[in-house]
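What the coordinates show
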Amino acid sequence: MYHPRYLTRARELCDRYGIHLIADEIAVGFGRTGTMFACEQAGISPDFLCLSKGLTGGFMPMAVVLTTDEIYGRFYCDYLEFRAFLHSHSYTGNPLGCACANAVLDLFEKDDVLASNRKKIAWMAELMAPFASLANVKEVRQTGMIGAVELRGYAPTDRVNLKIFEHCLKRGVFIRPLGPVLYFMPPYVIEREEMTKMIETAYDAVVSL
């Protein structure tokens, strides 16, 4: 995780040297960080914006790449001009994926998803706070509905990630630590009771190491 100022400076450097800025929001787009897109928090607009996951609510694989009119215009031409960017893949425009994406976009239009997420972001901050007092925790990080707890004092051979995974799974919670980093990316439909069980179970797992 990094401060939005990093993206602001990256935009400035790209503009200075004529380099396209690509914002990879595949995991963080569509409200995950508290705003519709994470780059909004830096006050910048990228040249390419990569989106997926949240686009279909995680139910179907689908991805899009948005770009500026200027870049699009460089490739939009008559076929015989040979400037077209002829690209596609086997699942381009998959109708089931598109139906899921339309349903998700409908939800964003009719429901205040971002306001609901901000409430759950506050829950997560409150529930994750106890991790900071543990001796085997190096750092607790959070950006929106993404939380990470980095452990310390363990070698890769200790397999703390597997121990935490097994501890939680036995108690009905499925998590997937990345090495010594325990992270949370709950679905937007999660309720307070469910989030409490998820984080408190993971806390007990870390305490038991």
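This is a predicted model, so every value here is computed, not measured.

**Some details on the pattern of salt bridges**
Pairing of side chains with opposite charge becomes possible as their charged atoms draw close. Going through the model one piece at a time under the given rule, you end up with 10 salt bridges. Of the charged contacts in the structure, one is a salt bridge between R9 and E12, with a shortest N-O distance of 2.7 Å. Within this pair, R9 and its partner E12 are both found in helix α1 (residues 4-17), separated by 3 residues, close to a single helical turn. The shortest N-O distance in the salt bridge between K138 and E150 comes to 3.8 Å. In this pair, K138 sits in strand β4 (residues 137-143) while E150 sits in strand β5 (residues 146-151), placing the two residues 12 residues apart along the sequence. A relative accessible area of 53% places K138 in the exposed class. Salt bridges sharing partners connect three or more residues here, namely K138, E139, R141 and E150.

**So, the packing of aromatic side chains**
Applying the stated criterion across every chain yields a total of 8 aromatic pairs. With 4.6 Å between their ring centres and 50° between their planes, Y2 and Y6 make a pair best called tilted. Here Y2 matches Y6 in class, with each residue exposed. A network of ring pairs unites the aromatic residues F30, F37 and F108 as a single cluster.

**A look at helix α4 (residues 113-128)**
Within an α-helix, residues lying three or four positions from one another point in the same direction, as the helix has 3.6 residues per turn. End to end, α4 covers 22 Å across 16 residues, agreeing with the expected 22 Å (1.5 Å per residue, within 8%). Turning to α4, its buried residues are V113, N117, K120, I121, W123, M124, L127 and M128. The buried residues of α4 all sit within an arc of 165° when viewed along its axis, so they share a single face. Structurally, α4 contributes buried residues whose contacts are with α3 (95-110), β4, β5, β6 (181-184) and α6 (192-207).

**Details of the environment of V160**
For V160, the location among the structural elements is in helix α5 (residues 160-169). Its relative accessible area of 5% is what places V160 among the buried residues. For the pair formed by V160 and L178, sequence separation is 18 residues and the distance between their alpha carbons is 9.7 Å. Here V160 is in contact with L151, Y154, G179, P180 and L209, once residues within four sequence places are set aside.

**A few points about the sheet that holds strand β2 (residues 48-51)**
Read across the sheet, 3 strands follow the order β1-β2-β3 without closing on themselves; strand pairing throughout is mixed. Among the strands making up the open sheet, the edge pair consists of β1 (22-24) and β3 (64-67). Sheet twist, expressed as the mean angle between neighbouring strand axes with direction ignored, is 15°. In the sheet, β1 pairs with β2 via 3 bridges, with the strands oriented parallel.

**Side note on a nonpolar patch on the surface**
Together, Y79, L80, F82 and L86 line one region of the surface with nonpolar side chains, adding up to about 570 Å² of accessible area. One can find L86 in the loop between α2 (69-75) and α3.

**A look at unusual backbone geometry**
A positive phi angle, near 60°, is found at F30, a position not held by glycine. Residue classification places F30 among the buried residues on the basis of a relative accessible area of 5%. Within the chain, R159 stands out as a residue other than glycine whose phi angle is a positive 50°.

Cut-off values and rules
- Here, residues in each chain are numbered from 1, in the same order as that chain's written sequence.
- Residues qualify for local features only when their pLDDT is at least 70, as the model is predicted, and side-chain atom pairs are given and counted only at 80 or more; totals for whole chains, interfaces and linings, by contrast, use all residues.
- Where side-chain values are given, they derive from all heavy atoms of the structure, hydrogens and water being excluded.
- The working definition used for a salt bridge is a side-chain nitrogen of Lys or Arg within 4 Å of a carboxyl oxygen of Asp or Glu.
- By the criteria applied, helices consist of DSSP H or I runs no shorter than four residues and strands consist of E runs no shorter than two, each listed in order from the N terminus.
- Each residue's exposure class comes from its accessible area (1.4 Å probe, protein chains only) as a fraction of the maximum for that residue type: buried when under 20%, exposed when over 50%, partly exposed otherwise.
- Any two rings among Phe, Tyr and Trp, with Trp reduced to its six-membered ring, count as a pair given centres within 6.5 Å; such a pair is stacked if its planes are under 30 degrees apart, edge-to-face if over 60, and tilted if neither.
- The span one expects for a helix is its residue count, reduced by one, times 1.5 Å.
- The arc under discussion is defined with respect to the helix axis, by the directions toward the C-beta atoms.
- When checking whether two residues touch, look at their non-hydrogen atoms; a contact exists if any pair is within 4.5 Å.
- By this definition, two strands are paired if DSSP reports at least two bridges between them.
- Fitted lines through C-alpha atoms give the axes, limited to the stretch in contact for helices. The angle between two N-to-C directions lies from 0 to 180 degrees.
- Note on patches: the residues involved have over 30% relative accessible area and no salt bridge, like charges join within 9 Å, and the nonpolar side chains Val, Leu, Ile, Met, Phe, Trp and Tyr join within 5 Å.
- To be clear on the numbers: accessible area is Shrake-Rupley with a 1.4 Å probe, and residue cover counts the displayed protein chains and nothing else.

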